[in-house]
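Structural characterization, general
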Amino acid sequence: MRSRPGYHARVPHRRTNPFARERQHWLTLLLSAAAAAAFGVGWVLYGRESATDTAPPLPPPAASPTPAAPAPTAAGEPPAAPTATPTRSSRSS
Amino acid sequence: MSRIAAILVAVVASAAVILARQQGWGGETTAWSAARASAWVALALLWAAVFTGIGVSLKYHPGISGQVPTLELHRVTGSLALSFTVVHAVALVADPYIRFAPWDAAVPFVAPYRPLATGLGVIAAWLVSAVVLSTWGAGWLPRRAWHLIHRASYAALALGLVHGIAAGTDTEHWPTHVAYTAIAASVLGAAFLRFLARDWVAAHRAGRRSAPGTPG
């Protein structure tokens, strides 16, 4: 990886293109494959976590106390039931 | 070679995310999962690129000299960091839940989701792009200009870290605390050696070289 003696003295204002001297192709391939594999594994694991988050909640056990029903509105109409939206616990980006 | 590999990885992984989204593989949240995974991979690669870059600058990489070519490691990790940054942006645009327009992933502070934190991430992505692309074209750039642009990698890593802390709820998990702390501490320590203790490093390196039977 050492430049030729006197090279920088002849071309002091330019930087040699480091990619022109690449030799360790095995390292490039190995790292690319490792990074792609890490991405794939992370994708699958986060996908499983999201699937768990968006799964419908289990019904409460029979012995558990039921929560009190919400009070009707002033107009006497029953309040709208909360919609079951999928949750996303993690929003890391 | 690393340029071609980086471009191939970015294209193939982005295409996989878009295809999975269109085909419904992995459910509704598949693009979001890909965005999260690619963010971690990009951050880890950016950290590796900055850390090994400091080692290259100091000409000091104890224990691995002659076994792992540090300069090559630095180049490849930097290029791949840009690849997965692109994948991260593509996955966010592909995600139907967060509803990012393409310009939300490219223009700072206009995204609908946590605009400040997302904007810092967009700036970090542009800095990574500038650093990597300027290195790909280093033969055509004046050395001083390349060097100035290359210094932006420190800012890119810092902004990427702040973006990760502020934009995600993975931050609430203790392994994330450990990862962020390790990234910050290792780079701060290496930067201290690089900028404030360079003479000590040179003396230490000379001492190791003069000792018989020890690699430099």
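Being a predicted model, the structure only gives us computed values, none of them experimental. Every chain is numbered independently, its residues counted from 1 as its sequence is written. For naming, the first written chain is A and the first written ligand is 1, with later ones following in the order written. Given that this is a predicted model, residues contribute local features only at a pLDDT of at least 70 and side-chain atom pairs are listed and counted only at 80 or more, while totals for whole chains, interfaces and linings are drawn from all residues. Think of the side-chain values as coming from all heavy atoms in the structure, minus any hydrogens and water.

1. Remarks on the packing of helix α2 (residues 30-58) of chain B against helix α5 (residues 143-167) of chain B
Each pair of packed helices can be described by the angle between their axes along with the distance between the axes. Residue and element names in this part refer to chain B. Axis definition: a line fitted to C-alpha atoms, over the contacting stretch in the case of helices. Angles run 0 to 180 degrees between N-to-C directions. Only DSSP runs of H or I with at least four residues qualify as helices, and only runs of E with at least two residues qualify as strands; both kinds are numbered from the N terminus onward. Direction vectors running N to C along α2 and α5 enclose 145 degrees, while the axes themselves pass 10 Å from each other. Classified by chirality, the crossing of α5 by α2 is left-handed. Contacts from L43, L46, W47, V50 and I54 of α2 reach α5 at S153, Y154, A156, L157, G160 and L161. Residue type decides the class: Asp, Glu, Lys and Arg count as charged, Ala, Val, Leu, Ile, Met, Phe, Trp, Tyr, Cys and Pro as nonpolar, and the leftover types, Gly among them, as polar. Here the contact of α2 with α5 is built from residues that sort into nine nonpolar, two polar and no charged. Each crossing gets its handedness from the near helix: less than a right angle anticlockwise from the far helix is left-handed, clockwise is right-handed. Working rule for contacts: check all heavy atoms of both residues, and any pair within 4.5 Å makes them a contact.

2. Topic: the pattern of salt bridges
Any carboxyl oxygen of Asp or Glu within 4 Å of a side-chain nitrogen of Lys or Arg constitutes a salt bridge here. Using the criterion set out here, one finds three salt bridges over all chains in the structure. Here R75(B) ties to E72(B) by a salt bridge, and the two come within 2.7 Å at their closest N and O atoms. A residue pair is termed a helical-turn pair when its members lie 3 or 4 positions apart in one helix, as R75(B) and E72(B) do in helix α3 (residues 70-94) at three residues. If you follow the salt bridges from partner to partner, you end up with E49(A), R36(B) and D170(B) in one network.

3. Considerations on the environment of I7(B)
For I7(B), the location among the structural elements is in helix α1 (residues 2-23). Those residues within four positions of I7(B) in sequence are excluded, and the remaining contacts are S83(B) and W136(B).

4. Thoughts on the packing of aromatic side chains
Pairing of aromatic rings covers Phe, Tyr and Trp, the last counted by its six-membered ring, and requires centre-to-centre distances within 6.5 Å; plane angles under 30 degrees mean stacked, over 60 mean edge-to-face, and any other angle means tilted. Enumeration over the complete set of coordinates arrives at five aromatic pairs over all chains. Plain terms: the ring middles of W40(B) and Y180(B) are 5.5 Å apart, the flat faces sit at 20 degrees to each other, and that makes the pair stacked. Of this pair, W40(B) sits in helix α2 while Y180(B) sits in helix α6 (residues 174-195), placing them 140 residues apart in sequence. Relative accessible area serves as the criterion here: at 23%, W40(B) is assigned to the partly exposed category. Buried, partly exposed and exposed residues are distinguished by accessible area as a fraction of the type maximum, computed with a 1.4 Å probe on protein chains only: under 20%, between the cut-offs, and over 50%, respectively. We classify Y180(B) as buried; its relative accessible area is 7%. Consider the rings of W47(B) and F51(B), whose centres lie 5.3 Å apart with planes at 20 degrees: the pair is stacked. Taken together, the residues W47(B) and F51(B), both in helix α2 and four residues apart, mark about one turn of the helix. What makes W47(B) partly exposed here is its relative accessible area of 27%. Taken together through their ring pairs, the aromatic side chains of F39(A), W43(A) and F84(B) make up a single cluster. Here the basic side chain of R194(B) rests over the ring of F195(B), its NZ or CZ set 4.7 Å away from the ring centre. Distance and angle both matter: a charge sits over a ring if NZ of Lys or CZ of Arg is within 6 Å of the ring centre and within 35 degrees of the ring normal.

5. Structural notes on α1(B)
Residues and elements named next belong to chain B. Taking 1.5 Å per residue as the helical rise, α1 with its 22 residues ought to reach 32 Å, and the 31 Å between its terminal C-alpha atoms agrees with that figure. All of the buried residues along α1 are S2, A5, A6, V9, A10, A13, S14, V17 and A20. Around the axis of α1, the buried residues are gathered within 150 degrees of arc, so they sit on the same side. Of the exposed residues in α1, those oriented more than 90 degrees away from the buried face are I4, L8, V11, V12 and Q22. Phi turns positive, to about 80 degrees, at G24, one or two residues after α1. The span expected for a helix works out to 1.5 Å for each residue beyond the first. Directions drawn from the helix axis to the C-beta atoms are what define this arc.

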